[in-house]
Structures are given as C-alpha cells and as structure tokens.
Amino acid sequence: VLGVPASPGALGWALILVGLLAAVGALVVLRGRLRSATPVVAAAGICLVFTAGALPYVAWRFAEDLRVTYRLHGYDAAAAGPVQAYLPGYLADGARQYVPRGATFATAVGPHIPWSQARAAFPALVMQTLFPRVSVADPHRADYVVTWGIRPDQVASVSHVWLARPKAGAYDAVYVGKVQH
Amino acid sequence: LTADLGGLLLANALFLAAGCGVTGAAGWWRGLPELGRSLGLAYLCGVATFGVVAQLLYVSGASLSRLQVVLVCLVLALGSLRGFRGRSEPAPASSRWRWVAVPVALVVAVIAVDLWFQPLWAYDSWTFWTPKAHALWSLGGLQAPWFTQANLTSPDYPILLPAIEAAGFRFSGYETALLDVQSLLFLVAFLHVIHRLALGRAQAIVVWAAIAMLVVAPSVVNQLASAEADIPVAVLFASAGACGAAWLTDRGLPALVLAAVLAAGGAATKVEGLIFAVAVFAGLALVSARRDGLRSALPPVLAGGAALAAGIVPWRIWLAAHDVANQGSFGRLTSIGFLAAHAGRVPLACAYLLVKLLDPRAWLLLVPFFGFVLCVVWKRDRDLSLYAASAFLIAFAGLVLAYWSTRLGLHYQLSTSARRVVTGVVFFGAALTPLLSRRA
C-alpha cells in the first residue's frame with residue numbers, strides 16, 4: 001500500500017504488541033469456553049480473537065496510507081507508478097513531438113544512471129508516453145531512438161538529434177535521435 | 001471519479017448477469033432465492049467466462065466495443081432461463097455467528113475508502129497490466145505490433161485481466177484509479193463464495209473466522225491496492241478449488257462444471273493459473289480414483305483439460321503465431337540437465353515460500369488454521385482432506401518448480417514475487433477450511 005511505511009516503526013510495533021496482549025487476555029478470559037469446545041471450534045475462536053487483536057495495527061496502516069494518498073491529486077496521482085521507480089512521470093514527454101505517430105522507436109539508458117529500478121522502468125515509461133507508437137529492441141532497426149543519459153549517436157547512426165528534456169538536477173538529459181537507414 | 005465508478009459498476013453488473021446465466025445453465029441454482037445466495041459465485045463465473053470469451057474474441061480479431069461487450073454478456077445471461085424454471089431449495093438456517101458479518105462489512109468499507117484514494121502505483125500494474133488494457137480499449141483490439149513490441153514487459157502473460165479492465169473502460173472511460181476497486185469486487189465475491197459453499201455444511205464459526213482473517217490480513221489489502229493480477233487469479237483458483245470440493249462431497253455435476261469455468265478463468269489470468277488449475281483437477285482425479293476406481297477420475301480429468309484448453313490454447317496459438325517467447329519454458333521444466341544444475345534452488349525456494357505462507361504479519365493465521373483443521377479431520381473425512389492436501393501441495397510444488405526453472409536470478413525473483421504468488425495457495429486453504437470443518 002502506497003502510504004504504509006515499509007517497517008511498522010515504534011508505533012506500529014506498539015500496536016501489534018497491544019493487540020497481541022489484548023488477544024492473549026481475551027483468550028485467558030475465554031479459556032473455559034475454549035476448553036469445552038471441539039478442537040476446530042476452539043481454533044476458530046482463537047483465530048477470531050487474534051484477528052480482532054490485529055485490528056489496531058491494521059487501522060493504523062489504513063490511517064498511514066490515507067494520510068499520504070488523500071493528498072495525491074493530478075500529477076502526483078497520475079505519475080505515482082513511475083515515481084515509485086524513481087522516474088518523473090514527465091521525463092519523456094518532450095519526445096512526443098519529435099517521434100511521428102506511426103514511427104517505431106527504441107530506448108537506451110546511459111551507464112551513469114544510478115538507479116536500477118529507474119533504468120529498468122524507463123522503456124515502459126517511454127512506451128506509455130509515446131503510445132500508440134511501437135518500440136523495437138534494436139536501435140539500428142528503429143525509426144527513432146529515445147535515450148536517457150546517453151547521446152543517441154552512441155547507440156545508433158542518427159541523422160538528427162533533439163534535446164527532449166535538458167538535464168535537471170540529478171536527472172540526466174533525454175534525447176531523441178532520428179535513425180539513419 | 002464518481003461517474004466513472006457508475007460506469008465500472010455497470011460493466012460489473014453485466015459480468016454478474018453473464019455469470020447468472022453460466023451458473024443457471026450449469027444447473028447450480030433454481031429459482032430467485034437460490035440465485036440470491038449464489039451471487040458471489042455467479043459474479044466470479046461471469047468474470048471468468050467473459051474473460052475467456054473476450055480473450056478468444058480478441059485473438060480472433062474482434063475489437064470488443066461497448067455494444068459487443070453488452071452482447072457477449074447478454075448471450076451468456078440467457079442461461080438464466082434454465083435456472084428460473086425450477087424452485088429453490090429452502091435456505092439453511094442462519095447461525096448465531098452471523099454478527100461477525102458486521103465488523104467484516106465495516107473493514108470492507110474501510111478498504112473501499114482506502115482504495116478510492118489509491119493511485120495506480122505498483123510496478124507490474126503500471127508497466128504492463130494496465131497498459132495492455134489501455135491498448136485493448138484504445139486501439140480497438142489485440143493489435144499485434146503493439147502487443148509484441150520490445151518495451152512491453154511480459155507480453156506472453158494471458159489477457160483475461162486486461163480484457164476485464166478494457167471492458168470496464170468501455171463504460172467508465174480510461175480511469176486507472178478504479179482498478180483496485182475492481183479487485184475489491186473480486187474479493188467480496190470470493191468471500192460470498194466461501195459463505196455460500198459452506199452454508200449448511202460447515203461450522204459457522206469456522207466460516208466466519210476464515211472470512212474475517214481474509215478481510216483483515218494486511219497482505220490482502222496490499223495486493224488489492226496494487227491492482228495486479230494476483231488477487232484475481234487467487235480468487236478464481238480458490239473458488240474453483242471450493243467448487244471442486246463441493247463436487248467431491250455432493251457429486252453434483254454443476255459444481256464440477258463451475259470449477260472448470262473458474263479454473264479456465266484463472267489459467268487465462270496468469271501463468272500460475274495453469275499450475276493452480278492442474279492442482280485442483282489432479283487433486284480431484286486422485287481422490288476419485290482412490291475412492292471409486294480409475295474410471296471415476298475421468299470427469300475431473302476431462303473438466304481440467306477443457307478448462308486449460310479454453311483458458312490457454314487460444315492465447316498460446318496467438319503467441320506462437322506472432323513469435324512471442326514464453327517466460328515459462330517447457331524445455332527448462334523438462335531438462336534434467338538444467339534442473340540438476342539448479343537443484344540448489346529447491347530448498348531455498350521451498351523455505352522462502354513457506355516463510356511467506358506462514359508470515360502472520362501478512363496472512364494472520366490463515367494457513368496454520370487450514371493445516372490444523374486438515375489434521376483434525378484427516379481420518380474422519382479422508383476424501384476431502386486428501387483432496388485439500390494434495391491440491392495445496394501440488395500448487396505449492398508448482399510454484400517451487402517455477403522458481404527452480406526460472407531463467408532470471410532466483411533471489412531477485414523470490415524477493416519481488418514470492419509474497420504475491422503465494423496468495424492463490426493461501427486463498428485455497430482459506431476457502432477449503434470451512435468445508436473441511438463439516439466433520440470436525
């Protein structure tokens with residue numbers, strides 16, 4: 001869930017502990033009834049009690065999540081996927097004007113882009129940005145190349161290069177190159 | 001978003017109508033009251049049937065416009081005519097444990113609110129599941145150049161879920177924020193299936209314990225919010241497994257037919273769906289053969305074969321025709337050399353998957369509860385417990401085999417997918433636990 005911290009943290013663990021203690025307390029109170037029940041009914045009762053004990057922690061998770069997602073609007077919501085992969089959702093928007101509809105393209109990521117998730121996700125981001133244009137694996141066989149952190153002429157023989165997005169902060173420039181066939 | 005939700009609910013009402021037809025034609029219900037008690041199962045059968053038919057139509061070159069979606073669902077809904085001709089069985093008496101439905105409904109409502117604000121963020125959903133649905137909707141069908149392109153991740157994954165989402169887009173417009181709400185509908189229908197199948201058969205407290213744990217389990221919410229295919233495939237597999245159990249106990253053909261329909265849907269959803277379908281029907285065949293001789297294993301074998309043929313074959317033919325490579329390789333699965341060279345993966349994959357299955361922070365006590373009930377009834381209800389155990393183990397072994405034969409790095413695969421792929425096995429256990437408790 002987007003807004004839930006990866007680790008429960010102090011409050012999360014405290015709620016788990018409180019829930020567990022409450023569940024154990026409830027089981028002590030109910031021990032007479034559980035003893036007289038069949039093993040399966042007793043086990044179901046124990047499961048219900050522990051499920052109830054999990055509710056404070058689960059409620060905290062919902063609250064943490066909603067605290068984040070409630071504020072997401074517009075770009076933040078639309079680009080939440082790429083952002084999770086350390087990619088700005090608009091990174092390849094500038095390429096759209098240079099790659100004609102109906103043309104094919106290939107993508108390439110420079111060796112100095114440090115984030116492995118971003119490197120892996122860049123082709124998917126470009127595919128969606130340039131929809132419905134179709135990508136090919138080999139840059140030499142594409143009509144255009146869209147590159148991030150590397151010049152197009154380093155991945156294919158190109159006749160023209162455009163700067164689709166200049167370098168901004170930690171994010172290298174995005175280029176479009178027209179492949180020479 | 002509210003107007004889009006109306007469109008999405010309309011599409012799902014059509015799936016429900018289609019499912020009422022499928023379940024009615026199969027002879028699962030007779031009369032309106034019984035249909036009312038079978039709505040969850042009808043909805044899932046509608047989703048499965050529509051998805052399998054849609055996959056076939058897409059492969060055949062159809063575009064599945066809004067009108068075509070309506071027509072497909074209405075044709076399937078005609079099966080209801082058979083159901084309305086009969087009279088319902090009287091409803092089983094309700095139990096004193098039904099008050100648990102109130103907190104369960106409250107938690108479901110909170111989940112719905114949480115999902116309402118959830119954007120599309122999970123990696124698989126934004127990189128390929130939803131783009132595929134968008135392409136089906138926007139390009140008017142299965143356009144081979146787009147669906148076989150280099151940048152599309154997992155082009156070999158079957159397209160039931162994208163087809164369902166694309167059908168939703170026909171009514172709601174392109175609205176990705178609602179896809180997790182779609183997943184929640186699958187889950188709610190599944191809870192209804194557990195309740196319906198256990199009604200009058202199982203101990204009520206066991207039914208409600210399983211349902212309550214499913215709703216509260218943190219991993220369920222995590223996966224609903226991801227809007228990936230793991231909840232749909234798990235729901236379809238577990239429902240198929242529960243219908244299989246109903247066939248074993250009552251010997252009613254409708255249950256076996258619906259198990260096949262749901263398993264076909266699972267197989268058309270994700271590659272694991274194939275493993276799960278094999279697990280269900282191999283388990284049924286094993287128990288039938290043990291109980292009544294080899295010939296009695298024929299119905300489940302035929303049903304399983306039909307499910308796999310409907311769910312997988314059209315898609316595999318399309319993949320072969322367009323030279324799309326399969327990630328799961330039969331060659332690697334059957335290569336003694338490859339498997340021997342990677343034998344070290346087996347204990348690691350087993351241990352990792354077991355840890356994920358038993359993690360109470362993810363699944364509470366669902367799997368230990370299933371195991372406990374299974375042990376208690378092992379001698380009293382050998383057929384059902386043998387089926388539950390064998391299908392559970394075959395599904396688990398299938399997942400281990402998938403990790404054993406992967407061409408990707410094992411640690412990467414396990415860390416990115418194990419917590420999700422065990423969902424089907426957990427849901428199967430949760431669905432079977434109440435049915436097992438009938439002789440406890």
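The structure we're discussing is the one just above.
These lines cover the structure that appears in this document, whether it is placed above or below.

The rules behind each value
- Residues numbered from 1 in each chain as written.
- Chains lettered and ligands numbered in written order.
- Predicted model: local features only at pLDDT ≥ 70, side-chain atom pairs only at ≥ 80, totals over all residues.
- Heavy atoms only, no water.
- Helix = DSSP H or I, 4+ residues; strand = E, 2+ residues; numbered from the N terminus.
- Rg over C-alpha atoms; globule rule 2.2 N^0.38 Å.
- Buried < 20%, exposed > 50% of the residue type's maximum accessible area, 1.4 Å probe, protein only.
- Contact = heavy atoms within 4.5 Å.
- Areas by Shrake-Rupley, 256 points an atom, 1.4 Å probe, with all protein chains shown as cover.
- Lys, Arg positive; Asp, Glu negative; His and termini not counted.
- Charge placed at Lys NZ, Arg CZ, Asp CG, Glu CD.
- Pairing = 2+ DSSP bridges.
- Axes fitted to C-alpha atoms, helices over the stretch in contact; angles between N-to-C directions.
- Polar contact = N/O pair within 3.5 Å; in protein donor to acceptor, adjacent residues only side chain to side chain.
- Core = buried A, V, L, I, M, F, W, Y, C linked by side-chain atoms within 4.5 Å.
- Patch = residues over 30% accessible without salt bridge, like charges linked within 9 Å, V, L, I, M, F, W, Y side chains within 5 Å.
- Salt bridge = Lys/Arg side-chain N within 4 Å of Asp/Glu carboxyl O.
- Parallel < 35°, antiparallel > 145°, perpendicular 65-115°, else oblique.
- Nonpolar A, V, L, I, M, F, W, Y, C, P; charged D, E, K, R; others polar.
- Left-handed = near helix turned anticlockwise from the far one by under 90°.
- Buried area = accessible area lost by both parts, 1.4 Å probe.
- Expected span 1.5 Å × (residues − 1).
- Phe/Tyr/Trp six-rings, centres within 6.5 Å; stacked < 30°, edge-to-face > 60°.

## Examining the overall build of chain B
Then, number 1: Helix and strand counts for chain B come out as 24 helices and 0 strands.
Then, number 2: Computed over C-alpha atoms, the radius of gyration of chain B comes to 20 Å, within 12% of the 22 Å expected from 2.2 N^0.38 for 440 residues, which places it in the range of a compact globule.
Then, number 3: The principal-axis extents of the C-alpha atoms in chain B amount to approximately 55 × 55 × 45 Å.
Then, number 4: When the 440 residues of chain B are sorted by exposure, 60% land in the buried category.
Then, number 5: Pairs at least 24 apart in sequence give 82% of the contacts found in chain B among residues at least 6 apart.
Then, number 6: For chain B, the exposed surface amounts to about 15600 Å²; the carbon and sulfur share of it is 67%.
Then, number 7: Positive and negative side-chain charges of chain B, numbering 30 and 18 respectively, have mean locations separated by a distance of 9 Å.

## Quick word on the sheet that holds strand β1 (residues 104–109) of chain A
Two pairing modes exist for strands in a sheet, parallel and antiparallel, and in both the strands are linked by backbone hydrogen bonds.
Residues and elements named next belong to chain A.
Then, number 1: The sheet built from 5 strands is open, its strands ordered β2-β1-β3-β5-β4 with mixed pairing. Each edge of the open sheet carries a strand with a single partner, namely β2 (134–135) and β4 (158–165).
Then, number 2: With 6 bridges connecting them, β4 and strand β5 (residues 174–179) associate as antiparallel partners. Counted as the bridge partner of histidine 160 is lysine 178 from β5.
Then, number 3: Its contacts with the sheet place helix α6 (residues 116–129) against β1 and β3 (144–148), and it is angled at close to 160° to β1.

## Some details on the side chain of glutamate 64 of chain A
All names here are of chain A.
Then, number 1: Mapped onto the fold, glutamate 64 is located in helix α3 (residues 39–69).
Then, number 2: Of the polar contacts made by the side chain of glutamate 64, one reaches the side chain of arginine 67; its length is 3.2 Å.
Then, number 3: Setting aside residues no more than four positions away along its own chain, glutamate 64 makes contact with Gly3 and Pro5.

## Things to note about the pairing of β3 of chain A
All names here are of chain A.
Then, number 1: The buried fraction of β3 amounts to 5 of the 5 residues, a majority that puts the element mostly inside the structure.
Then, number 2: Residues Tyr144, Val146 and Trp148 line one face of β3 and the alternating positions Val145 and Thr147 line the opposite face, and both faces are buried.
Then, number 3: Here β1 pairs with β3 via 5 bridges, running parallel. The residue bridging valine 109 from the neighbouring strand is tryptophan 148, located in β3.
Then, number 4: Examined bridge by bridge, β3 and β5 share 5 bridges and lie antiparallel to one another. Its bridge partner being in β5, valine 146 is matched across the sheet by valine 176.

## Some thoughts on the nonpolar core
Then, number 1: If you look at the biggest cluster of nonpolar residues, it comprises 178 residues, and the most contacted ones within it are Phe50, Phe190, Phe281, Tyr387 and Phe427 of chain B.
Then, number 2: The greatest single-element share of this core, amounting to 13 residues, is contributed by helix α13 (residues 230–250) of chain B.
Then, number 3: Residues within four places of phenylalanine 190 of chain B in sequence aside, it is in contact with Leu44, Leu214, Val235, Ala238, Ser239, Phe427 and Ala431 of chain B.
Then, number 4: In this structure, Ala85, Leu87, Phe105 and Leu130 of chain A belong to the second largest nonpolar core, which totals 29 residues.

## Overview of unusual backbone geometry
Residues and elements named next belong to chain A.
Then, number 1: The omega torsion across phenylalanine 131 and proline 132 is 10°, close enough to zero to call that bond cis.
Then, number 2: When you line up the elements, proline 132 lands in the loop between α6 and β2.
Then, number 3: One non-glycine residue, tyrosine 86, adopts positive backbone phi at about 65°.
Then, number 4: Tracing the sequence through the fold places tyrosine 86 in the loop between α5 (80–84) and β1.

## Concerning a nonpolar patch on the surface
Then, number 1: A surface patch of nonpolar side chains, amounting to about 260 Å² of accessible area, comprises Tyr75, Val83 and Tyr90 of chain A.
Then, number 2: Using a relative accessible area of 37% as the deciding quantity, one classes tyrosine 75 of chain A as partly exposed.

## Examining the packing of helix α10 (residues 179–198) of chain B against helix α12 (residues 218–226) of chain B
All names here are of chain B.
Then, number 1: Viewed as axis vectors pointing N to C, α10 and α12 meet at an angle of 135°, and their least axial separation amounts to 7 Å. Accordingly, the angle class assigned to the pair α10 and α12 is oblique. Side by side, α10 and α12 meet where Asp180, Ser183, Leu184 and Leu187 of the first sit next to Val220, Leu224 and Ala225 of the second.
Then, number 2: Here the residues of the contact of α10 with α12 are counted per class, giving 5 nonpolar, 1 polar and 1 charged.

## A look at the packing of helix α3 (residues 39–59) of chain B against α13 of chain B
All names here are of chain B.
Then, number 1: As a packed pair, α3 and α13 sit with axes 11 Å apart at the nearest point and diverge in direction by 120°. Taken together, the axes of α3 and α13 lie oblique to each other. By crossing handedness, the relation of α3 to α13 is classed as left-handed. Two secondary-structure elements touch here, α3 through Leu41, Leu44 and Ala48 and α13 through Val235, Leu236, Ser239 and Cys243.
Then, number 2: For the contact of α3 with α13, a count of residues per class yields 6 nonpolar, 1 polar and no charged.

## With respect to the environment of leucine 364 of chain B
Then, number 1: Residue placement: leucine 364 of chain B occurs in the loop between α20 (360–363) and α21 (366–377).
Then, number 2: In sequence terms leucine 364 of chain B and alanine 321 of chain B are 43 residues apart; their C-alpha atoms lie 45 Å from each other.
Then, number 3: For leucine 364 of chain B, the residues in contact, after removing those within four places along its chain, are Thr51 and Ala54 of chain A together with Met213, Val216, Ala217, Pro218 and Asp359 of chain B.

## Quick word on the interface of chain B and chain A
Then, number 1: Contact with chain B, which involves 47 residues of that partner, is made by 46 residues of chain A.
Then, number 2: Here chain B packs against chain A, burying approximately 3800 Å² in sum over the two surfaces, 76% of which is carbon and sulfur.
Then, number 3: Taken together, the links from chain B to chain A amount to 0 salt bridges.
Then, number 4: Across the contact surface, chain B and chain A share 13 residue pairs in polar contact (both at pLDDT 80 or more).
Then, number 5: Contributing elements (two or more residues each) for the side of chain B that touches chain A: α6 (101–116), α7 (123–138), α8 (144–147), α11 (204–216), α12 and α21 of chain B.
Then, number 6: Within the side of chain B that touches chain A, the residues separate by chemical class into 36 nonpolar, 9 polar and 2 charged.

## Digging into the environment of valine 1 of chain A
Then, number 1: Mapped onto the elements of the fold, valine 1 of chain A is located in the segment before α1 (9–29).
Then, number 2: The buried category is assigned to valine 1 of chain A, whose relative accessible area is 14%.
Then, number 3: Placed 65 residues apart in sequence, valine 1 of chain A and leucine 66 of chain A show a C-alpha to C-alpha distance of 9.7 Å.
Then, number 4: Other than its neighbours up to four places away in sequence, valine 1 of chain A contacts Arg61 and Asp65 of chain A together with Asp114, Gln118, Trp121, Val221, Asn222 and Ala225 of chain B.

## A short note on the side chain of histidine 134 of chain B
Then, number 1: In this fold, histidine 134 of chain B is placed in helix α7.
Then, number 2: Sequence-distant contacts of histidine 134 of chain B, that is, excluding residues within four places in its chain, are made with Phe131 of chain A together with Leu139, Phe169 and Tyr174 of chain B.

## Thoughts on α1 of chain A
Then, number 1: With 21 residues, α1 of chain A extends 30 Å from end C-alpha to end C-alpha; this agrees with the ideal 30 Å at 1.5 Å per step.
Then, number 2: Lining the buried residues of α1 of chain A we find α2 (31–36) and α3 of chain A.

## With respect to the packing of aromatic side chains
Residues and elements named next belong to chain B.
Then, number 1: Taken as a whole and assessed by the stated rule, the structure comprises 29 aromatic pairs over all chains.
Then, number 2: Taking 5.0 Å as the distance between ring centres and 35° as the angle between the ring planes, the aromatic pair formed by phenylalanine 370 and phenylalanine 392 counts as tilted. With a gap of 22 residues between them, phenylalanine 370 in helix α21 and phenylalanine 392 in helix α22 (residues 382–404) connect regions that are remote in the sequence.
Then, number 3: According to the relative accessible area criterion, phenylalanine 392 is buried, its value standing at 12%.

Worth remembering: the numbers are spatial, not functional.
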